[in-house]
Amino acid sequence: MPKNIPIASKIEAILYLKGKPLSIGEIAEYAKCDRLTAEEGIIELIENYARRDTALEVIETEHGYSLQLRSEFHDLVQALIPVEFGVGALRTLAAIALHNPILQSELINLRGSGAYQHVQELVESGFVRKRRESDSRSFALQITPKFHQYFQIEQLPQILTTPEKEQQLELELDG
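Residues numbered from 1 in each chain as written. Predicted model: local features only at pLDDT ≥ 70, side-chain atom pairs only at ≥ 80, totals over all residues. Heavy atoms only, no water.

S.K.: Honestly, the overall build of the chain in this entry has me stumped. Any pointers?
M.R.: Counting its secondary structure elements, the chain contains 9 helices and 5 strands. Put simply, the chain runs from its N terminus to its C terminus through helices and strands in the order α-α-α-β-β-α-α-β-α-α-β-β-α-α. Within the chain, buried positions represent 33% of all 175 residues. Of all intrachain contacts in the chain linking residues separated by at least 6 positions in sequence, the fraction that spans at least 24 positions is 50%. Only carbon and sulfur atoms are counted for the fraction: they give 51% of the accessible area of the chain, which is about 11,100 Å². (Helix = DSSP H or I, 4+ residues; strand = E, 2+ residues; numbered from the N terminus. Buried < 20%, exposed > 50% of the residue type's maximum accessible area, 1.4 Å probe, protein only. Contact = heavy atoms within 4.5 Å. Areas by Shrake-Rupley, 256 points an atom, 1.4 Å probe, with all protein chains shown as cover.)

Shown next, in the form of structure tokens:
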């Protein structure tokens, strides 16, 4: 990468490509600079976006800094990118998100064989990533940045994996 790229521009590219909130430490690591330079760059970037009349903004959340669409454009997102999933696919997506990542075999145990079709639909729509695990015959399923952006969820709580909690989750998803 050429050295003459301003740090604020490099940080903008990093936030765009990662598609999720990043801490100053993560930004510094990706930008290959020290924390102070990253802080100065993020401040410059926030000020640049605040002065521009643009659909995007850089905000600080409890999980870090994020490049996102301004809230006044969320209706446009719903109109242009409507997601038409059935209840079963939404429940499968919820199970993947709560266990993120989860083996497809575990998901099928939770949701039943209909989840195979849901997974295909969710992968095609870009909400779920599917990759072969090297130490398993099953695929690992993981939500993508598109999931976070579409549902405006920065981070999901990690599920407690006690048998009682899994049974409770299964009942809630089926109910």
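S.K.: Honestly, the nonpolar core in this entry has me stumped. Any pointers?
M.R.: Burial of nonpolar side chains together is a common tendency in soluble globular proteins. In terms of nonpolar packing, the biggest core is built from 19 residues, with Leu93, Ile96, Leu107, Phe127, Val128 and Leu141 touching the most fellow members. Secondary structure elements with two or more residues in this core: α5 (87-99), α6 (104-111), α7 (115-124), β5 (139-143) and α8 (145-151). Here this core takes 5 residues from α5, the largest share from any one element. The residues contacting Leu107, other than those within four sequence positions of it, are Thr92, Ala95, Ile96, Ile102, Gly112, Ala115, Val119 and Leu141. (Core = buried A, V, L, I, M, F, W, Y, C linked by side-chain atoms within 4.5 Å.)

S.K.: Would you take a moment to explain the sheet that holds strand β3 (residues 102-103) for this structure?
M.R.: In sheet architecture, strand pairing relies on hydrogen bonds along the backbone and comes in two forms, parallel and antiparallel. Ordered in space as β3-β5-β4, the 3 strands form an open sheet in which the pairing is antiparallel. Looking at strand neighbours, the two that pair on one side only are β3 and β4 (128-132), the edges of this open sheet. For β4 and β5, the ladder comprises 5 bridges, and the chain directions are antiparallel. Bridging across to β5, Lys130 finds its partner in Leu141. Each of β3, β4 and β5 touches α5; the most contacted strand, β5, lies at about 90° to it. (Pairing = 2+ DSSP bridges. Axes fitted to C-alpha atoms, helices over the stretch in contact; angles between N-to-C directions.)

S.K.: Looking at this structure, how should I read helix α2 (residues 24-31)?
M.R.: Helical geometry: 3.6 residues make up each α-helical turn, so side chains three or four residues apart lie on a common side. For α2, the full list of buried residues reads Ile24, Ile27, Ala28 and Ala31. Angular distribution of buried residues about the axis of α2 spans 100°; they occupy a single face of the element. Looking one or two residues past α2, Lys32 carries a phi angle of roughly 55°, positive in sign. (Arc of directions from axis to C-beta.)

So far we have only geometry, and geometry alone does not tell us how the molecule works.
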